[in-house]
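Now for the letters of each chain:
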Amino acid sequence: MHVSHLATEVDRDPRYSAIARLRAETRFYDAVIDQVDGRRIRVGEHWLTDWASCNYLGFDLEPDIIGAVDEQLRRWGTHPSWSRMLGNPALYPQIEQRLAALLGAEDTLVLPTITQIHLSVIPVLAQQGTILVDSRAHKTIWDGCVFARAQGATLSRFRSLDELAALLAAGNPGPVLVCMDGVNSMTGNIPDVRACLDLCRAHGAVLYIDDAHGFGVIGARADDETSPYGISGNSIIRYCGESYDNVVLVGGFSKAYSSLLAFLAVPTVLKNRLKSAAAPYLYSGPSPTASLATVLAGFDVNAERGDKLRSELYRMTTRVLQHVRGLGVFTPNTDDTPIIELPIALDRDLVEVSERLWERGLFVTLAPYPGVPRDQVGFRVQVTAANTDAEIDHLNAVISELAADGVFQEARESSAS
Ligand SMILES: Cc1ncc(COP(=O)(O)O)c(C=O)c1O
């Protein structure tokens, strides 16, 4: 077979065809950005406001963080290049200790990406046991689960707490791993971690939870909190006032911290086992020095000003959400996090809607099937602390225009997904 024929086969696969069409027919894929100015981006001659970035705290633009890179590059070179098994610049233990202290966890292990963590760690933890996975879990969790199944684990999915309870009660070969998103990457909603953990603990299962979008945004609730996101951005387990018993927390720096690095919060004994079992620790190239430097500088900025940034983020996010809800437009976001998905009406075409967004100067994340259920195809905007009120005004005005034209679905009685 000619290798290019493989492309035709891929195009026929329903899992990829919606994205293939959007790549071919919209301007929101593979965009080449020629210039960045705050949250404004230029593509060719066209300026847009960037609502697709997940740099929730605006650390990508933060002068104190940008200024921290140069010194570390001179000290360590651009890239360590050893796999972590072989050698680690001293930045690594500094990051892992500061992160453990921030999370209030016993220990942490950092690896370049969450994708690598799921693919390598889920199979190691599940062994020939059982994985129960949330139907709305991120694709990269699913990939790790499927890989684990190929190595002997049994895989089932659940769509609700009741289904999870029934699956756990049925009795399963151990170890039993319950896998899910923290702040959900599509709906922006925060799962009922306490109820999940009660079930896991009652059945001796481990909750493996990916809080890529919560880390840096939500954290421990406190009397002096500056917003309902809580303080410190120390992620979902602290936000829910829970302990790390029966929990493996996974998170990343590639969203709120604008760096290429990810982590597991685990007891030291498990961290050490993963050091001999997880392929990215043993064999993968590590994160570049600049990313390690921006993580450390990010911890400083988070400690100094993080709560102020989060209160701004919350204020601007609720400006958008109140506007959307006031128009009677449906969004699955009921928890006021900065991920706002706007499903389009079922008779509307995402390509046509995307063209209008482009013309009105909005750069968004398109959300096709199967990334979201068929009845929630639409687009997603993320608010960040680097947005301005003028940009929020503009976004709200465009949402009003599209709503008046019937582009969106009407709000439902029970809007949580
Ligand atoms: C929930 C979730 N997990 C994992 C990832 C991938 O993270 P990484 O880029 O660190 O592999 C994403 C990125 O969008 C995500 O939203």
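Residues numbered from 1 in each chain as written. Predicted model: local features only at pLDDT ≥ 70, side-chain atom pairs only at ≥ 80, totals over all residues. Heavy atoms only, no water.

Naming follows an unreviewed UniProt entry, where the protein chain appears as 8-amino-7-oxononanoate synthase of Dactylosporangium matsuzakiense. Of the comments in the UniProt record for the protein chain, the one headed Catalytic activity (unreviewed entry) reads "6-carboxyhexanoyl-[ACP] + L-alanine + H(+) = (8S)-8-amino-7-oxononanoate + holo-[ACP] + CO2". Quoted verbatim from the Cofactor (unreviewed entry) heading of the UniProt record, the comment on the protein chain is "pyridoxal 5'-phosphate". (UniProt positions renumbered as here; feature names shortened; annotations may be inferred.)

A. Spatial organisation of the sheet that holds strand β10 (residues 262–265). Judged by pairing direction, the sheet is mixed, and its seven strands sit side by side in the order β4-β10-β9-β8-β7-β5-β6 without closing on themselves. Single-partner strands in this sheet number two, and they are β4 (108–111) and β6 (154–158). On average, each strand axis in the sheet is tilted by 20 degrees relative to the strand beside it, whichever way the strands run. Lying over the sheet, helix α6 (residues 114–126) contacts β4, β5 (130–134), β7 (176–181), β8 (206–210), β9 (247–252) and β10, oriented at roughly 170 degrees with respect to β8. (Pairing = 2+ DSSP bridges. Helix = DSSP H or I, 4+ residues; strand = E, 2+ residues; numbered from the N terminus. Axes fitted to C-alpha atoms, helices over the stretch in contact; angles between N-to-C directions. Contact = heavy atoms within 4.5 Å.)

B. Spatial organisation of the UniProt feature "domain: Aminotransferase class I/classII large" (unreviewed entry) in the protein chain. Feature annotation in UniProt places "domain: Aminotransferase class I/classII large" (unreviewed entry) on residues 50–396, given in this structure's numbering. Between the C-alpha atoms that bound residues 50–396 there is a distance of 14 Å. The span itself is 42% helix and 15% strand.

C. Expanded view of unusual backbone geometry. With an omega dihedral of -5 degrees, the bond running from G174 to P175 counts as a cis peptide bond. The topology assignment puts P175 in the loop between α8 (161–169) and β7. For the peptide bond that leads from Y369 to P370, omega is 5 degrees, which places it in the cis range. For P370, the position within the fold is in the loop between β13 (365–367) and β14 (378–382).

D. Looking closely at the packing of helix α4 (residues 69–76) against helix α13 (residues 289–326). Put simply, α4 and α13 touch, their axes get as near as 9 Å, and they point 135 degrees apart. Relative to α13, the element α4 lies oblique. Both α4 and α13 take part in a crossing whose hand is right-handed. Contact residues: α4 offers V69, Q72, L73 and W76, while α13 offers T289, A290, A293 and T294. (Parallel < 35°, antiparallel > 145°, perpendicular 65-115°, else oblique. Left-handed = near helix turned anticlockwise from the far one by under 90°.)

E. Region of the structure containing the packing of aromatic side chains. All told, the structure shown has 13 aromatic pairs when counted by the stated rule. With centroids separated by 5.4 Å and ring planes inclined at 85 degrees, the aromatic side chains of F28 and W358 adopt a geometry described as edge-to-face. Of this pair, F28 sits in the loop between α2 (14–25) and β1 (35–37) while W358 sits in helix α14 (residues 350–359); the two residues are 330 residues apart in sequence, bridging distant segments of the chain. Here F28 matches W358 in class, with each residue buried. Geometrically, the ring pair formed by W358 and F363 is edge-to-face, given 6.4 Å between the ring centres and 65 degrees between the ring planes. The exposure class assigned to F363 is buried, which follows from its relative accessible area of 11%. Clustering of aromatic rings is evident, with ring pairs tying together F59, F215, F253, Y257, F263 and F299. Sitting above the plane of the Y369 ring, R374 keeps its charged end 3.8 Å from the centroid. Over the ring of F330 we find R412; its NZ or CZ atom is 3.8 Å from the centre of that ring. (Phe/Tyr/Trp six-rings, centres within 6.5 Å; stacked < 30°, edge-to-face > 60°. Buried < 20%, exposed > 50% of the residue type's maximum accessible area, 1.4 Å probe, protein only. Lys NZ or Arg CZ within 6 Å of the ring centre and 35° of its normal.)

F. Structural detail: the domain arrangement of the protein chain. Here the protein chain is partitioned into domain 1 (10–61 + 305–404) and domain 2 (64–302). Relative to domain 2, the C-alpha centre of domain 1 lies at a distance of 25 Å. Taken together, the contact between domain 1 and domain 2 spans 30 residues of the former and 30 residues of the latter. Summed over both sides, the interface of domain 1 with domain 2 buries roughly 2600 Å², with 57% coming from carbon and sulfur. Among the residues domain 1 hides against domain 2, the three largest losses belong to F59, R305 and R310. Together they make up 27% of the total. Taken together, the links from domain 1 to domain 2 amount to one salt bridge. Of the charged contacts, one joins D64 and R305 as a salt bridge, the two residues approaching to 3.0 Å between their closest N and O atoms. Of all the secondary-structure elements, those providing two or more residues to the side of domain 1 that touches domain 2 are α13 and β11 (339–343). For the side of domain 1 that touches domain 2, the element with the most residues is α13, which contributes nine residues. Of the residues in the side of domain 1 that touches domain 2, the class split is 13 nonpolar, nine polar and eight charged. (Domains from an automatic or database assignment. Buried area = accessible area lost by both parts, 1.4 Å probe. Salt bridge = Lys/Arg side-chain N within 4 Å of Asp/Glu carboxyl O. Nonpolar A, V, L, I, M, F, W, Y, C, P; charged D, E, K, R; others polar.)

G. Fine view of the site of the ligand. Taken together, the neighbourhood of the ligand is formed by T113, I114, T115, H138, T140, D181, S185, D210, A212, H213, S254 and K255. H138 is positioned such that a nitrogen or oxygen atom in its side chain is 3.3 Å from an oxygen atom of the ligand. Take K255: an N or O atom from its side chain is 2.9 Å from an oxygen atom of the ligand. Considering the ligand on its own, with 400 Å² of exposed area, one finds that the protein chains cover 83% of that surface. Its residues placed into classes, the shell around the ligand shows two nonpolar, seven polar and three charged. (Near = heavy atom within 4 Å. Polar contact = N/O pair within 3.5 Å; in protein donor to acceptor, adjacent residues only side chain to side chain. Areas by Shrake-Rupley, 256 points an atom, 1.4 Å probe, with all protein chains shown as cover.)

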